[in-house]
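Descriptive structure summary
Here is what each chain is made of, one letter per residue.
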Amino acid sequence: MKAQVNEILDGLKHFHGSETIFQIPLLRTRYTNGLKYLAEAAECFWLITDTSIIAKSLMNRSEFVTIDFKRLSEDKQDFTGYEAEIIYTDGNDNILEKHSYRATDFPLDELRLFFVNNTLMLPSEY
């Protein structure tokens, strides 16, 4: 698992600006090469779908949304019963929404994404 995590993190470093834009058919949300790589390498298409649905619903409150996935510490997991959370902010640390996940197979402990102009991307692709 650790090797996979390091490989994914190394792979993510190579994405800067995205020439190719992909689209989630039903949602019409766009996403970048970096997100396509992440979804395939980490097998987390659910993350792209979930985060884009929520971020899209927040567009009336902020044109720019940061999305932070964070695996909770074991103590916090034991206390709350949740393994991870995703926090949506306006980029100025104002929390717009927060979702907790009881279980996740996402290999990374944390990840930040941006959602702007109906497009989900890595910070390095902004």
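In this report, the structure presented in the accompanying data block is examined.

A count of helices and strands for the protein gives four helices and seven strands. Relative to a compact globule of 126 residues, whose C-alpha radius of gyration would be 14 Å, the protein shows 14 Å and is just as compact. For the protein, the C-alpha atoms occupy an extent of roughly 40 × 35 × 30 Å along the three principal directions. Across the 126 residues in the protein, those meeting the buried criterion constitute 43%. Of the contacts made within the protein by residues no fewer than 6 positions apart, 57% connect residues no fewer than 24 positions apart. Carbon and sulfur atoms form 50% of the exposed surface of the protein, whose accessible area is close to 7300 Å². For the protein, the centre of its 13 positive side-chain charges and the centre of its 20 negative side-chain charges are spaced 4 Å apart.

What follows is about the sheet that holds strand β6 (residues 110-116). With mixed pairing, the seven strands of this open sheet are ordered in space as β1-β2-β7-β6-β3-β4-β5. The sheet is open, and its two borders are formed by β1 (21-24) and β5 (95-101), each paired with just one other strand. Here the strands of the sheet are splayed against their neighbours by 25° on average, with no regard to which way each runs. Note: strand β2 (residues 29-32) against strand β7 (residues 119-121), two bridges, orientation parallel. Its bridge partner lying in β7, Tyr31 is registered against Leu120. Across the sheet, helix α2 (residues 33-41) is in contact with β1, β2, β6 and β7; its angle to β2 comes to roughly 85°. Running at roughly 35° to strand β4 (residues 84-89), helix α3 (residues 45-57) makes contact with β1, β2, β3 (64-71), β4, β5, β6 and β7 of the sheet.

The next subject is the packing of aromatic side chains. Summed over the entire model, instances satisfying the criterion amount to eight aromatic pairs. For the pair Phe15 and Tyr37, a centre-to-centre distance of 5.5 Å together with 35° between the ring planes defines the contact as tilted. Taken together, the residues span a long stretch of sequence, with Phe15 in the loop between α1 (2-12) and β1 and Tyr37 in helix α2 at a distance of 22 residues. Relative to Phe114, the ring of Phe64 has its centre 4.9 Å away and its plane inclined at 55°; by these criteria the two rings are tilted. Linking Phe64 in strand β3 with Phe114 in strand β6, this pair joins segments that are 50 residues apart in sequence.

Here the structure, examined in full by the defined rule, presents seven salt bridges. Its salt-bridge partner being Glu85, residue Lys98 comes within 3.6 Å of it at the nearest N-O pair. Of the two residues, Lys98 sits in strand β5 while Glu85 sits in strand β4, which places them 13 residues apart along the sequence. Judged by relative accessible area, Lys98 falls into the partly exposed class, the value being 48%.

Analysis parameters
Position numbers for residues count from 1 along each chain, tracking the sequence in the order it is written. Two thresholds apply to this predicted model, a pLDDT of at least 70 for residue-level local features and 80 or more for giving and counting side-chain atom pairs, whereas whole-chain, interface and lining totals are computed over all residues. Values shown for side chains rest on all heavy atoms present in the structure; no hydrogens or waters enter the calculation. Numbering of helices and strands runs from the N terminus; a helix is a DSSP stretch of H or I covering at least four residues, while a strand is a stretch of E covering at least two. In this description the radius of gyration comes from C-alpha coordinates, and the expected globular size is given by 2.2 Å times residues to the power 0.38. Residue burial is assigned from relative accessible area. The probe radius is 1.4 Å, only protein chains are included, and a residue is buried under 20% of its type maximum, exposed over 50%, and partly exposed in between. We call two residues contacting when some pair of their heavy atoms lies within 4.5 Å. To measure how exposed things are, a 1.4 Å probe is used in the Shrake-Rupley method; for residues, cover is taken only from the protein chains shown. Counted charges follow a simple rule, with Lys and Arg positive, Asp and Glu negative, and His plus the chain ends left uncounted. A charge is said to be at NZ when it belongs to Lys, at CZ for Arg, at CG for Asp and at CD for Glu. Strand pairing is assigned whenever DSSP identifies at least 2 bridges connecting the two strands. To define axes, lines are fitted to C-alpha atoms, for helices over the stretch in contact only, and angles between the resulting N-to-C directions are given on a 0 to 180 degree scale. In this analysis, rings of Phe, Tyr and Trp, with Trp reduced to its six-membered ring, are considered paired at centre separations within 6.5 Å, and the interplanar angle assigns stacked below 30 degrees, edge-to-face beyond 60, and tilted for intermediate values. Salt bridge, as applied in this entry: a Lys or Arg side-chain nitrogen positioned within 4 Å of an Asp or Glu carboxyl oxygen.

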